[in-house]
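The residues making up each chain are set out below.
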Amino acid sequence: MNVDELDQYIKDNCRAYDIFIEKAREDQIDRNSRRKVSKRFNDDKMERVAQKSWHDVVVNFHEKLKSDTLKKASPLRWKNFIEENEILESFEDSMAELEMSE
């Protein structure tokens, strides 16, 4: 399973993305309010930063999941491993507990 497939699997099977992106957007709004007016990001830029942060989380998550066992495994094997070990539930919980800060 590549990073994009994992990203879509997460989005389809748990709320981690929704939880994270909401927190990332709130964080960007907060950071933006502290910037000088001339340096403030527009809404599109803040959204791109939030989406990039999500992508970074998924890449990191993928690297942690990718072991010798899963490295060359089929996407089905990845999905079975994730389900058997309740990984999405843990991932969603960690997104819920995540605190954004500088």
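Cut-offs applied
- Residues numbered from 1 in each chain as written.
- Predicted model: local features only at pLDDT ≥ 70, side-chain atom pairs only at ≥ 80, totals over all residues.
- Heavy atoms only, no water.
- Helix = DSSP H or I, 4+ residues; strand = E, 2+ residues; numbered from the N terminus.
- Phe/Tyr/Trp six-rings, centres within 6.5 Å; stacked < 30°, edge-to-face > 60°.
- Buried < 20%, exposed > 50% of the residue type's maximum accessible area, 1.4 Å probe, protein only.
- Axes fitted to C-alpha atoms, helices over the stretch in contact; angles between N-to-C directions.
- Parallel < 35°, antiparallel > 145°, perpendicular 65-115°, else oblique.
- Left-handed = near helix turned anticlockwise from the far one by under 90°.
- Contact = heavy atoms within 4.5 Å.
- Nonpolar A, V, L, I, M, F, W, Y, C, P; charged D, E, K, R; others polar.

Let's talk about unusual backbone geometry
Then step 1. Not every positive phi belongs to a glycine, and Glu86 is a case in point at roughly 50°.
Then step 2. Checked against the element boundaries, Glu86 lands in the loop between helix H4 (75-84) and helix H5 (87-97).

Some points on the packing of aromatic side chains
How two aromatic rings sit relative to each other is given by the distance of their centres and the angle of their planes.
Then step 1. Tallied over the full model, the rule gives 4 aromatic pairs.
Then step 2. Here the aromatic rings of Phe20 and Trp54 are separated by 5.5 Å at their centres, their planes lie at 50°, and the arrangement is tilted. Here Trp54 lies in helix H3 (residues 43-65) and Phe20 lies in helix H2 (residues 16-34), a separation of 34 residues in the sequence.
Then step 3. Taking relative accessible area as the criterion, Phe20 reaches 3% and is therefore assigned buried.
Then step 4. According to the relative accessible area criterion, Trp54 is buried, its value standing at 2%.
Then step 5. Aromatic side chains Phe61 and Phe91 sit 4.0 Å apart centroid to centroid with 15° between the ring planes, which places their arrangement in the stacked category. With Phe61 in helix H3 and Phe91 in helix H5, the pair connects residues that are 30 residues apart, well separated along the chain.

Points about the environment of Arg31
Then step 1. Relative to the elements of secondary structure, Arg31 occurs in helix H2.
Then step 2. In this structure Arg31 comes out as partly exposed when scored by relative accessible area, which is 25%.
Then step 3. It is 29 Å that separates the C-alpha atoms of Arg31 and Glu63, two residues lying 32 residues apart in sequence.

Quick notes on the packing of H3 against H5
Then step 1. For the pair H3 and H5, interaxial distance at closest approach is 13 Å and the crossing angle is 140°. Considering their axes alone, H3 and H5 lie oblique with respect to each other. In the packing of H3 onto H5, the handedness of the crossing is right-handed. The segment H3 lies against H5, with Trp54, Val57, Phe61 and Leu65 engaging Ile87, Phe91 and Met95.
Then step 2. Residue classes in the contact of H3 with H5 are distributed as 7 nonpolar, no polar and no charged.

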